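Residues per chain, in single letters:
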Amino acid sequence: MLIGIDVGGTTTDAVLVEAGQVKKTAYVPTDHQNLLNCLLEALDQIIAGVQPSRIERVVLSTTLITNMIAEGKTDPVALMLIPGPGTNPQDYHLGDDTIIVKGAIDYRGREIQKLDEAGAEKAAADISARGFSKVAIVGKFGQRNHAHELKAGEIVSAAIPNAQIELGHRVSGQLNFPRRAATTMLTAATKEKYREFADHITRAFEQRRISCPIYILKADGGTLPLQTSLEMPVETIFSGPAASTMGVMALTPPDQTSVVVDIGGTTTDLALILSGKPLLSSKGARVDSLLTHVRAFAVRSLAIGGDSAITVSGNCLAVGPQRLGAALCMGGPTATPTDAMRVLGLSGIGDLGRARKAMEDLGRQLGLTPTEAAQMVVDAVVDKIVSEIRQMFLEWEEEPAYRIWEIMQRGEIEAQNVAGVGGGAPPLVPLIAQRMGARPIVPDYAPVANAVGAAVARPTLTLSLRIDTERGEYIIAEEGVTGKVGDRKMNLEEAEKMARRLLAERAERLGIGEYAGEAEVTYSEVFNMVRGWSTVGRLLSVRMEIPAGLLTGWERC
Amino acid sequence: MAGSKGKKGKTGLIFFPAFDWAISPTHPEREERLLYTRDQIFEEGLMDLPQIEEFKPRLAELKDIARVHFCVPDVEAQVTEAHLIAAGSTLTLADALESGQIRNGFALVRPPGHHSMTVAHGNRGFCNVNNMAILVEYLRTKYGHKKIAVIDTDVHHGDGTQEIFWHDPDVLCISFHQDGHTLYPGSGFVNEMGGPRALARTLNVPLPPGTTDEGIHYVLDNLILPILDEFKPDLVLNSAGQDNHYTDPLANMRFSANGYARLNEKLSPDLCVLEGGYAIETALPYVNTGIIQAMAGLDYSHVREPDFEPGRFVQSETMKREIESTVAQVQSLWDKRDDLVDVALSELGDFYRRRKRIFYDTDMINENQEEAVRLCPNCPGYTTISSQGQRGYGTLNNVYCISIPRHACSDCKTDAMEEYKEHIEDRKYSYVYLQDKDRDKYLIYNVRTRNQKSY
Ligand SMILES: [Zn+2]
Ligand SMILES: [Zn+2]
C-alpha cells in the first residue's frame, strides 16, 4: 500500500493506493497555523482500519517551506560572498546581510587570487558580533573549485562555535553565482525549522507504528527520503504543482503531450508534459523575490478560478483577479464563474435558483439573457486560460538556444491532451480542449490528483560531472568531490560512463539506489582545447539525472 | 545625441556561441571560442538581471543576405545555418529595438562578418557574410532609417563593411585598428575615405601596435564622439571586435576589458555585433562581461583580468604624438568633407569607375573587379560590378552584378534593367545578378542553364 498526502493551500488531500488503484481518499481543510496537525488528521483518516505493517511507502508534499518564506518566518542568515572579478555584488540585491571577502577562482577552477584569510576572519568576527548563527558561504566558480569555500567555512566555524554553515558548491553544480548564493541562503534559513518539522513527522509516524520509508516530494516531481531531504529543504518548495502534474502523469496515457490545468477557487495553475516528460523551468524556481537553482516544473499561475469575482464596467465584463468569497449559488456574496457554469448545466454544484439570480443581474447590466450572460462568463474564463497556455507554448519555443541543431529542431508544441485537475476542471476542461484541438481528460480522481501524484512519484536525482583533461581533474560539485583524470583524450562516452557510475554511488548514499538504473544523460558537452594549433586537452561536462517518473508497477487508470 | 544614451528600458542580449560550428578543428574560429565567455556570463547571472533580456536567435532569410551581398553562385552556397543564425540574431535585436522592447542590444554571436565584401566568392578573414552590413540594410529597408553610423572597434580594419558602404554618404563608417602595415588585412589607411559622393563618410584611424586604453580613448573622445555629434545618425552601431585586447594572439594592441567597457559606455551604441577576438580565455570572458554591463548601465568597475593592474600599460610620448597626429589628419578630412565631394565630382563624368583586387585568405581566392557607379544628378545612382574569382590558375566564376539603390530615379532603374537584360545574354559570365533595393527584389540568372532565381 502506498500513501500520498498533499498539504495544499486550501485543502490537505490524502490517498491510499493499492495494486495500482486508488482505494481511499480523504480531505481536510488546511490550517496554515498548524500544517503538521492537518497532515496527521488526513493521515489518520486514510489509515483508519489499515494494518500499519501493510503500508509500504508514504510520500508527503507540503507547503511548509513555501509558507515559511512567504510569511518571512525563516531564520536570519549572514551571506559571505567570494565574488572575485565581474559583477558588482550589490547588483544582485541579495540583502543587507552580505559580506564580501576577497579571493577569486576562474571559469576553469583555477585560483586567480588567493583567499584573503585575514579578511575572512574579520568577516567571521563581524558576523559573530552581529549574532548570526547561520552563515551561507558562496564563491564565484566555487562549483569548479571549492577550496575557498571550504577554507572560509573553517574560519567561520572557528569563530562561531556551533554555527550552521552552508557552502554554495554543495547546493548546485550549475553555473549562476547569484542563484547559487540565493539557494544557499534559503537552505541555511530553513534547515533548522524543517528539521523540527521532520522530527515531529518521524515521531508521529512512530506513534502510529508506521515503520515504512517516508519520502518527501520535491519541486521537480521527484521524491527523496525524509532524512536525506534535511540537507536540501528548499527543494521541497512548490511541491504542490509538481504533485498535480505527477498525478496527471499517473492518470493519463504515457508518452503523450499534455497541458495540465489545475483550476482552483482563485487560481489556475498550468504545467506541461512534453512527450511524457514534465517540463522543467529552464534555470530554476523563483522563490519570493529570489531567483534560485531549485529545479522545478515550469508552472504558470493565473489569477482566475471558480470563485473569481465577476465585475462589469460599461459593456465589458471582467473575471477576477479578486475573490470576494464563495459563489452566490454556494451562499457567497457575488457572481462567479461557478454560478455561470451552474446556469449552463455544466456543473451541478450549488443552488440553481441563486445561480440564475446571479446571471439575471449580470445579464441586466449587459443587456443579455441570463444564459447569454453565463455563456459570456464561461467564454471569458476559457479565453484567458487558453491564451495563457498559448503564451506558455510560445515561451518554450522562444527559450534561448546555443547550438545550431537546437535552433533548427525546436518546433511548435502541439498538445494531444488537456488534462484537468482541481474543482473547476470538470466543466471547463472540455471547453479548453476543444479550443486547443486536443482531447479533454478529467481523470476519475482529479480532485485528489495531487495526492495520487505524491503517492506514485519516484525519486529524482541530478549529478553534474565536469572533467578538465588538460588540468587532469574531475569535479562533482554537489558531492564536494574531486579526483584525477589521467586520459587527456577522454571521450564523451567514457565521461558518461563515469557519470553513470558516480550517480549510482550517490543514489546509494541517498537511499535511492534501486532507481539508479533509470538515470539518463540530460546534457553533455565536449570541447577540444586548442592552444596554438594543437589540442592540449578536453573539457567535458555531463549532467546525469534520474528524471521525474512514476513508480514501476503503477497501473495507469 | 544619437545612440542609446538616456533611453530607458532593457538591454537585449543574444548569445549564440555556435558550439557546433568551426571553420576547422584547430582554427581560431572554432567551437571553443565563446566557451569561457559562456561560463563567465552565465556564472555572473547576467541574463537574470532586470536590466537585461535574453532573446532566442533566429535564422536570417536568404533575402536579408541578398540585400547586401552578391553571393556566388547563390546565397545558399555561401552560408551555413550558423551564418544565418549569426546574421538573424542581429535582426531579432533590431526588431526588439524598433518596437521599443529594448533600449539597446548586443549580438554576442559567431561567426563574424566585417571582412566580407559586396561580392562573396568565399571566406575572407574568417567571414562569409557581413552581419553588420546585413543589419544596416535591414534597418533601412524595414524601418526606413536614413543615416546610420558604424563604428568598427575590432583590431583589424573593417574592410568589408567599408567596401559595402563605400559610395554611401548616409552610412558613416569609422574604423580604428592596428596599422595595416603590421596586421591583416593590410588596409585601413587614412587616405581610404570613400567614393566620390561619400568622401570622408568612410574614416580610418590606423593606430600603432601597442596602443593602450589611453590612446584608444583619445581617438574616441577627440574624434569619434565629436564626429557623431555632427553627423547625427539615426542609429549608432558597433562592430565590436575584442582583439585589441592586450592578450590577443593575432594582434599587438594593449586595450583592456575596462577600456572596452568604458568605450561602450561613452559610445552608447544602439546595437553591438561581435566581430573578432581570439584570446578566448584571457580576454573574452572579461571583455564581454564588461561590454554587457556597460550597455546595461551596470557597474563594470569590478571587471578585471586576473593579471591586469590599472597603469600596467603606459603609452610612450612618441606613440601619443603619432596618435594625435593621425586624429588631426582624420579630423581635417571630416571637416572638409563637402569640399572634397565637390572637387571630386567636378572632375568626373557620368560614371565613376575603379578596378579592385580582393584576396580571400581563408579560401585562397583572388578576385578581380571592375566597378562602375553612375553619378546620377537625381538619385544615388546604380552600380555595376564585373567580378572574376580565381583560385590558382583556374577561374572559379565570372559574374556580373547590378545594384539599384533605394530611391533610384526612373532613369537609373530603366538603365539598370537594360544592363541586366543585356548581360544575361553574355556568355562571358556564368551568373548575372540584379539587386533591386528599391523594390527589395533580388535576382540571380544562371547564364548556362538560363534559369532565373529570386529572393
Ligand atoms: Zn579582428
Ligand atoms: Zn538616378
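Every chain is numbered on its own, with residues counted from 1 as its sequence reads. Lettering for chains starts from A, numbering for ligands starts from 1, and both go in the order in which the items are written. pLDDT decides what is reported in this predicted model: residues at 70 or higher carry local features, side-chain atom pairs at 80 or more are listed and counted, and totals for whole chains, interfaces and linings draw on all residues regardless. The basis for the side-chain values is all heavy atoms of the structure; hydrogens and waters are excluded.

Enquirer: Explanation requested: the coordination of the zinc ion (ligand 2) in the structure shown.
Expert: Think of it this way: four donors in a tetrahedron around the metal ideally sit 109.5 degrees apart, and six in an octahedron ideally sit 90 or 180 degrees apart. Residues and elements named next belong to chain B. Only N, O and S atoms count as donors, using a 2.8 Å limit from the metal and a wider 3.2 Å limit for Na, K and Ca, and since water is excluded some coordination spheres may look unfilled. Around the zinc ion (ligand 2), the protein supplies C376 (SG), C379 (SG), C409 (SG) and C412 (SG) as donor atoms, at distances of 2.2 to 2.3 Å. Metal sites are grouped by the angles between bound donors: all angles between 85 and 135 degrees with four donors is tetrahedral, opposite donors over 155 degrees apart with the others between 65 and 115 is square planar for four donors and octahedral for six, and any other pattern is irregular. Around the zinc ion (ligand 2) sit four donor atoms; with metal-centred angles ranging over 100 to 116 degrees, the donor geometry is tetrahedral. Expressed as a motif, the donor residue spacing for the zinc ion (ligand 2) is C-x2-C-x29-C-x2-C. A relative accessible area of 7% means that C379 is categorised as buried. Each residue is placed in one exposure class: buried if its accessible area under a 1.4 Å probe, protein chains only, is under 20% of its type's maximum, exposed if it is over 50%, and partly exposed if it falls in between.

Enquirer: Hey, could you run me through the pairing of strand β1 (residues 10-16) of chain B in this one?
Expert: All names here are of chain B. Helix and strand assignments come from DSSP, with helices taken as H or I runs of at least 4 residues and strands as E runs of at least 2, each series counted from the N terminus. Most of β1 is tucked away: six of the seven residues are buried. Two strands pair if DSSP finds at least two bridges between them. Taken together, the seven bridges between β1 and strand β4 (residues 102-109) define a ladder with parallel strand orientation. Considered in β4, the bridge of K10 is made with I102. Note: β1 against strand β2 (residues 52-54), three bridges, orientation parallel.

Enquirer: Explanation requested: the coordination of the zinc ion (ligand 1) in the structure shown.
Expert: Residues and elements named next belong to chain B. At this site the zinc ion (ligand 1) is bound by D154 (OD), D154 (OD), H156 (ND1) and D243 (OD), with donor distances of 2.0 to 2.7 Å. Coordination geometry of the zinc ion (ligand 1): the four donor atoms subtend angles of 53 to 153 degrees at the metal centre, consistent with an arrangement described as irregular. Donor residues for the zinc ion (ligand 1) sit on one chain with the sequence pattern D-x1-H-x86-D. Of the two residues, H156 sits in the loop between β6 (148-152) and α6 (159-164) while D243 sits in the loop between β9 (235-240) and α8 (257-267), which places them 87 residues apart along the sequence. Pair check on accessibility: H156 and D243 agree, each one buried.

Enquirer: Just checking my understanding: could you explain the packing of helix α7 (residues 213-231) of chain B against α8 of chain B for this structure?
Expert: A pair of packed helices can be characterised by two numbers: the angle between their axes and the separation between those axes. All names here are of chain B. All axes are obtained by fitting lines to C-alpha atoms, using only the stretch in contact for helices, and the reported angles, taken between N-to-C directions, cover 0 to 180 degrees. Where α7 contacts α8, the axes come no closer than 11 Å and their chain directions differ by 10 degrees. If you check the angle between α7 and α8, you find them roughly parallel. From α7, D213, I216, H217, L220, D221, I224, L225 and L228 reach across to α8, where they touch G259, R262, L263, K266 and L267. Amino acids outside the nonpolar list (Ala, Val, Leu, Ile, Met, Phe, Trp, Tyr, Cys, Pro) and the charged list (Asp, Glu, Lys, Arg) are all regarded as polar, and Gly is one of them. Of the residues assigned to the contact of α7 with α8, the class counts are seven nonpolar, two polar and four charged. Roughly parallel refers to an angle under 35 degrees, roughly antiparallel to one over 145, roughly perpendicular to one between 65 and 115, and oblique to any angle outside these ranges. Whether two residues are in contact is decided by their heavy atoms: any pair within 4.5 Å suffices.

Enquirer: Can you walk me through the domain arrangement of chain A in this structure?
Expert: Accessible area lost when the parts come together is the quantity often used to give the size of an interface. Residues and elements named next belong to chain A. Here chain A is partitioned into domain 1 (65-237), domain 2 (254-443) and domain 3 (461-546). Segment limits for the domains were obtained from an automatic or database-derived domain assignment. Each of domain 1 and domain 2 has a C-alpha centre, and the two are 37 Å apart. Every contact between the two is made by 19 residues of domain 1 and, on the other side, 14 residues of domain 2. Summed over the three residues of domain 1 that lose the most area to domain 2, namely R179, A219 and D220, the buried surface amounts to 42% of that side. Any carboxyl oxygen of Asp or Glu that lies within 4 Å of a side-chain nitrogen of Lys or Arg is treated as forming a salt bridge with it. Our count for the contact surface shared by domain 1 and domain 2 stands at one salt bridge. Its salt-bridge partner being D220, residue R295 comes within 3.8 Å of it at the nearest N-O pair. Distance and chemistry together define a polar contact, namely a pair of N or O atoms within 3.5 Å, with one atom able to donate a hydrogen and the other to accept it when in protein, and with adjacent residues in sequence counting only for side-chain atoms on both sides. Counting across the interface, domain 1 meets domain 2 through six residue pairs in polar contact (both at pLDDT 80 or more). Examining the composition of the side of domain 1 that touches domain 2, we find that seven residues originate from one element, helix α6 (residues 177-207), more than from any other. Accessible area that two parts lose when put together, evaluated with a 1.4 Å probe and summed over both, is termed the buried area.

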